[in-house]
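# Observations on chain architecture
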Amino acid sequence: MFDYIFFDLDGTLTDPAKGITNSFIYALKYYGMEIPSYETLCSFIGPPLPYSFENSLGFPKEKSMEAVAKYREYFSEKGLFENEVYPKIPQVLQTLLDKGKKLVVATSKPEEYSVRIIEHFGLSKYFECVCGSCMDESRSKKDEVIAYALKRCKIKDKTKVLMIGDRFHDIEGAKKNGIKACGVLYGYGSEQELKNVGADFIAKDVESILEFV
């Protein structure tokens, strides 16, 4: 059914909880703010950073990029690799390649960081390309990243593309670009969250992804 499979990174290919939560803690401590619960910090995994700082942490819009820069002081040195690949991801990716699928990373994380993460964990051999946001947080909304990936891969027939991700942003971004979307339940979004935004498929675990491609 699908020739191209787009994968979100955080919460879909890798579990970045330690690095992301530590980076938020580092930034919030700098501003002398109370540190939210670990559960709350994990809810920030997936959305673009300015969105989380503004909408969840109450930063004024004009201060959000300053907060992002502070977050990245920690993330770029330590948080980047405080991360782990979900079990069975390499096997599923290899199975998809064996089926003739073309795999692409489509993430709101800056492309520069995403390439380093994919290479560090030995996943680059599976992917045609890694598409992410810019360091200035432009092209950070998921629909913008997906549009960029479609253009970069020169994809004309969108019916041949499936987006896989764990949060509502992944599903909404796919819908805005006219492609199908599969939500995964092993990441940081709930089944209700994914269904509410119209996920076409729901994969309960990593191996279940193969049922839809």
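Let us look at the structure shown here. (Residues numbered from 1 in each chain as written. Predicted model: local features only at pLDDT ≥ 70, side-chain atom pairs only at ≥ 80, totals over all residues. Heavy atoms only, no water.)

### Quick notes on the side chain of Ser-133
Defined as follows: A run of H or I in DSSP counts as a helix once it spans at least four residues, and a run of E counts as a strand once it spans at least two, with each numbered from the N terminus. Residue contacts are defined here by distance: any two heavy atoms, one from each residue, within 4.5 Å place the two residues in contact.
Its place among the elements puts Ser-133 in strand S5 (residues 129-133). If we skip the residues at most four places from it in the chain, Ser-133 touches Thr-107, Ser-108, Lys-109, Pro-110, Glu-111, Ser-138, Arg-139, Ser-140 and Val-145.

### What to know about the pairing of strand S6 (residues 161-165)
Rules: Burial classes follow relative accessibility: with a 1.4 Å probe on protein chains only, a residue under 20% of its type's maximum area counts as buried, one over 50% as exposed, and anything between as partly exposed. Any two strands with at least two DSSP bridges between them are considered paired. Assignment of crossover handedness uses the view with strands pointing away from the viewer, where a clockwise path from the first strand over the helix to the second indicates a right-handed crossover.
Along S6, 5 of the 5 residues are buried, which leaves the element largely enclosed by surrounding structure. Side chains Val-161, Met-163 and Gly-165 of S6 all project onto a buried face; the interleaved residues Leu-162 and Ile-164 project onto the opposite face, where all are buried too. As judged from the 4 bridges shared by strand S1 (residues 4-7) and S6, these two strands associate in the parallel manner. Considered in S6, the bridge of Phe-7 is made with Ile-164. As paired elements, S6 and strand S7 (residues 180-184) share 4 bridges and run parallel to each other. Residue pairing for S7: Ile-164 is matched across the bridge by Cys-182. Between S6 and its parallel partner S7, the chain crosses via helix H8 (residues 168-176), and the hand of that crossover is right-handed.

### Considering the packing of helix H3 (residues 49-56) against helix H4 (residues 61-75)
Rule in force here: Axis definition: a line fitted to C-alpha atoms, limited for helices to the stretch in contact. Angles are taken between N-to-C directions and run from 0 to 180 degrees. Comment on the angle field: the value is read as roughly parallel under 35 degrees, roughly antiparallel over 145, roughly perpendicular from 65 to 115, and oblique elsewhere. Take the far helix as your reference; a near helix turned counterclockwise from it by less than a right angle gives a left-handed crossing, and one turned clockwise gives a right-handed crossing.
Two elements in contact, H3 and H4, have axes whose closest approach is 9 Å; the angle formed by their N-to-C orientations is 125°. As far as their axial angle goes, H4 and H3 are oblique. Viewed along their axes, H3 and H4 form a crossing whose handedness is right-handed. Side by side, H3 and H4 meet where Leu-49, Pro-50, Phe-53 and Glu-54 of the first sit next to Lys-61, Ser-64, Met-65, Ala-67, Val-68, Tyr-71 and Arg-72 of the second.

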